[in-house]
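These are the residues of each chain, in order.
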Amino acid sequence: MTLLTVTLALLTGCIGSDPSAIYLIRVIYDADAGVECEGQISENFSDGYAPEADEPDDDSEWTYEQSSTGSDTLMFAQVETTAPDQAVLIWGGQVLPGDWDGTTWTFSWADTHGDEERADHESGYRFIESTEESAEVVVSLTFGEGGTASGDITASSNNEMSWRESDEWSNDVEDLIGGSGQIPSSSYLVYEDDGDEFAQQNESDEQECDDDDCELSVATVCSGSNTFGATRTDYSEEDAYAYLQAY
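One structure accompanies this document, and this report is about it. Being a predicted model, the structure only gives us computed values, none of them experimental.

Right, let's get into the packing of aromatic side chains. Counted according to the given criterion, the structure contains eight aromatic pairs. Judged by centre distance (5.8 Å) and plane angle (15 degrees), the ring pair of W105 and F107 falls under stacked. Residue class for F107 comes out buried when judged on its relative accessible area of 0%. The rings of W100, W105 and F107 are connected pair by pair, giving a single aromatic cluster.

Printed below as a string of structure tokens:
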């Protein structure tokens, strides 16, 4: 289970200058605190564009509503100091380093991963496919009275796939990959002809893009936040938290 998976689960659901302790965390259920995602497309096709989503039918005789209910979420977290004004938060099997600014502890970590595959033909044709994934979690904790604390947790992610392909290529390459190329533009873009929309492809014998290469990037950007309360427990041994984190 990734850091983002653990954190987003909390969304759908500390600490002073010496925060070392095991804490009981209570995330208040909030149906409006879920994760929101947005799709983004960028490209350099001359006539291709991303089609607009269908508008709802205002004349429909039906109206639809959806609501959610749920309980608060309880879990344990451990904080251990590592240096003056520095500590780590162990939460959900993950470790977040943090800093103390005099009033608030802020713990955060960002995961990134990228891959790229490239194919070049001696005639000059090229095709590049790349992926880039990033996820960041930020937890802020502020101490109150009697070993209690309040906090905020935010999570964001960006998953992007990109393609780059020669706009035109030779018959030798066409015999290998076909005449419509490998860039998946027809899955995301359309062009208009006589008022009708057709899937946009990259044809071997026509110039469809504003450069020597056709480019397409599709990203999904998600973010969410929630608040929680924390209470210092009497557990102090490390093996106690090893037992508690299973719950």
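After that view of the structure, there is still more to cover.
Glancing now at the side chain of S185. With respect to the helices and strands, S185 occurs in the loop between α2 (171-177) and β9 (190-193). In this structure, S185 is in contact with F45, Q200, Q201, N202 and L216, ignoring residues within four places of it in sequence.

For the rest of this paragraph, the subject is a negative patch on the surface. There is a patch of like negative charges on the surface, built from D47, E122, E168, D172, E174, D175, D205, E206, D210, D211 and D212. You can see D205 is positioned in the loop between β10 (196-199) and β11 (213-232).

Its identity is not glycine, yet D85 carries a phi of approximately 65 degrees, on the positive side. Here D85 lies in the loop between β3 (73-83) and β4 (86-91). Residue D85 is classed as partly exposed on the basis of its relative accessible area of 42%. A positive phi angle is found at D194, which is not glycine, with a value near 55 degrees. Secondary-structure assignment places D194 in the loop between β9 and β10. The class for D194 is exposed, based on a relative accessible area of 76%.

In this structure the tally under the stated criterion is five salt bridges. A salt bridge links R126 to D213; its shortest N-O distance comes to 2.9 Å. Note that R126 is positioned in strand β7 (residues 126-143) and D213 in strand β11, a separation of 87 residues in sequence. What makes R126 partly exposed here is its relative accessible area of 25%. Within the structure, one salt-bridge network assembled from shared partners comprises R126, R164, D213 and E215.

Tallying each qualifying case throughout the model produces two disulfides. Paired through a disulfide, C37 and C222 show a sulfur-sulfur distance of 2.0 Å. Looking along the S-S bond of the C37-C222 disulfide, the torsion reads about 110 degrees, which is the right-handed sense. Here C37, found in strand β2 (residues 36-43), pairs with C222, found in strand β11; they are 185 residues apart in sequence, far enough to count as distant. Using a relative accessible area of 52% as the deciding quantity, one classes C37 as exposed. In this model, C209 is linked to C214 through a disulfide, with the two sulfur atoms separated by 2.0 Å. Between C209 and C214, the disulfide has an S-S torsion of 105 degrees and is therefore right-handed.

About the criteria used
- Residues numbered from 1 in each chain as written.
- Predicted model: local features only at pLDDT ≥ 70, side-chain atom pairs only at ≥ 80, totals over all residues.
- Heavy atoms only, no water.
- Phe/Tyr/Trp six-rings, centres within 6.5 Å; stacked < 30°, edge-to-face > 60°.
- Buried < 20%, exposed > 50% of the residue type's maximum accessible area, 1.4 Å probe, protein only.
- Helix = DSSP H or I, 4+ residues; strand = E, 2+ residues; numbered from the N terminus.
- Contact = heavy atoms within 4.5 Å.
- Patch = residues over 30% accessible without salt bridge, like charges linked within 9 Å, V, L, I, M, F, W, Y side chains within 5 Å.
- Areas by Shrake-Rupley, 256 points an atom, 1.4 Å probe, with all protein chains shown as cover.
- Salt bridge = Lys/Arg side-chain N within 4 Å of Asp/Glu carboxyl O.
- Lys, Arg positive; Asp, Glu negative; His and termini not counted.
- Charge placed at Lys NZ, Arg CZ, Asp CG, Glu CD.
- Disulfide = S-S within 2.5 Å.

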